[in-house]
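Spelled out, the chains give:
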Amino acid sequence: MSAAVTSGYLLRKLCSLLEQPQGANLTIKELTACCAVSRSTIYRHFPAGLQDLCLAILKEEANKLLQYECNSWQGVIEVSVNYIAQHRWRFINLYKLVILEQTPSFWLKIFKKFLLSYITQQLHADKLLDFVQKRPYELDFLAAGMLFQLLAWLDGQLKTKPEVVIQQLLSGGQLFLFHFYQNQCD
């Protein structure tokens, strides 16, 4: 098998295992048994083992969300929250396996990249990027607030209704856009 095929296979298998309630207790030994590959195969493709596999899954998930055709910020939030809710156990288990293992600044950096990727796809991307460049704390504030809401939701095992989480996340986006439009009028 080629490296890309093997990596893809391992990621798909891990995704299916993470859909189970006990997925957060998964070990490399169990993954090798399920995939019928050796430990060395896993570490060849993912040097940090489960940590790298889980990070790769999170990156794929973020890329999937960026592929959705959403006409508004609300659309992005709704699609993202509903996608996480639909794959509840996968995200709870990823949270337990990898998200808690990283520093908040690590996730803030990743979340800001996700937000910037979204911004660059917008109609007024040049103005939004200029605004963020002149006032980087606005993006920091938005990303930190949204990250806090998502982590609180995950910490609560996604028990809060998605509609509530959507409203919480939209509030931060509305404040960001208010500051953006206010800045455009100055």
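Preceding block: the structure.
Residues numbered from 1 in each chain as written. Predicted model: local features only at pLDDT ≥ 70, side-chain atom pairs only at ≥ 80, totals over all residues. Heavy atoms only, no water.

**Student:** Lay out the nonpolar core in plain terms, naming residues and giving numbers.
**Tutor:** Ranked by internal contacts, the top residues of the largest apolar core, which has 57 residues, are L14, L53, I77, L115 and M146. Here I77 is in contact with M146, I166, L169 and L170, once residues within four sequence places are set aside. (Core = buried A, V, L, I, M, F, W, Y, C linked by side-chain atoms within 4.5 Å. Buried < 20%, exposed > 50% of the residue type's maximum accessible area, 1.4 Å probe, protein only. Contact = heavy atoms within 4.5 Å.)

**Student:** An account of empty space enclosed by the protein is needed here, citing residue identities and associated values.
**Tutor:** For the structure shown, the criterion picks out one cavity of 30 Å³ or more. Size it by volume and the largest cavity reaches roughly 30 Å³. Every residue lining the largest cavity is listed: E138, F141, L142, G172, L175 and F176. Elements with a contribution of two residues or more to the lining of the largest cavity: α9 (136–155) and α10 (162–185). Across the lining of the largest cavity, the residue classes tally to four nonpolar, one polar and one charged. (1 Å grid on protein atoms, 1.4 Å probe; cavity = no way out; pocket = protein on both sides within 12 Å on 5 of 7 lines; lining within 4 Å. Points joined across faces, edges and corners; volume = space filled by probe spheres on them. Helix = DSSP H or I, 4+ residues; strand = E, 2+ residues; numbered from the N terminus. Nonpolar A, V, L, I, M, F, W, Y, C, P; charged D, E, K, R; others polar.)

**Student:** Got a sec to walk through the packing of aromatic side chains? Specific residues and values, please.
**Tutor:** As enumerated under the stated definition, the model contains seven aromatic pairs in all. Between F106 and W107 the ring centres are 4.9 Å apart and the planes differ by 85 degrees, which places this aromatic pair in the edge-to-face class. On the basis of an interplanar angle of 75 degrees and a centroid distance of 5.5 Å, the ring pair of F131 and F180 is categorised as edge-to-face. Taken as a pair, F131 in helix α8 (residues 125–134) and F180 in helix α10 lie far apart in primary sequence, 49 residues in all. (Phe/Tyr/Trp six-rings, centres within 6.5 Å; stacked < 30°, edge-to-face > 60°.)

**Student:** Any details on a nonpolar patch on the surface? Residues and values, ideally.
**Tutor:** Judged by side-chain polarity, F141, L175 and F178 come together as a nonpolar surface patch covering roughly 320 Å² of accessible area. Structurally, F178 can be placed in helix α10. (Patch = residues over 30% accessible without salt bridge, like charges linked within 9 Å, V, L, I, M, F, W, Y side chains within 5 Å. Areas by Shrake-Rupley, 256 points an atom, 1.4 Å probe, with all protein chains shown as cover. Salt bridge = Lys/Arg side-chain N within 4 Å of Asp/Glu carboxyl O.)

**Student:** Which residues make up unusual backbone geometry, and what values do they have?
**Tutor:** With phi around 55 degrees, A36 is a residue other than glycine that occupies positive phi space. Mapped onto the elements of the fold, A36 is located in the loop between α2 (28–35) and α3 (39–45). The exposure class assigned to A36 is exposed, which follows from its relative accessible area of 70%. Even without a glycine there, the phi angle at Q157 is positive, about 60 degrees. Position of Q157 relative to the elements: it lies in the loop between α9 and α10. Taking the relative accessible area as the measure of exposure, Q157 reaches 24% and is therefore partly exposed.

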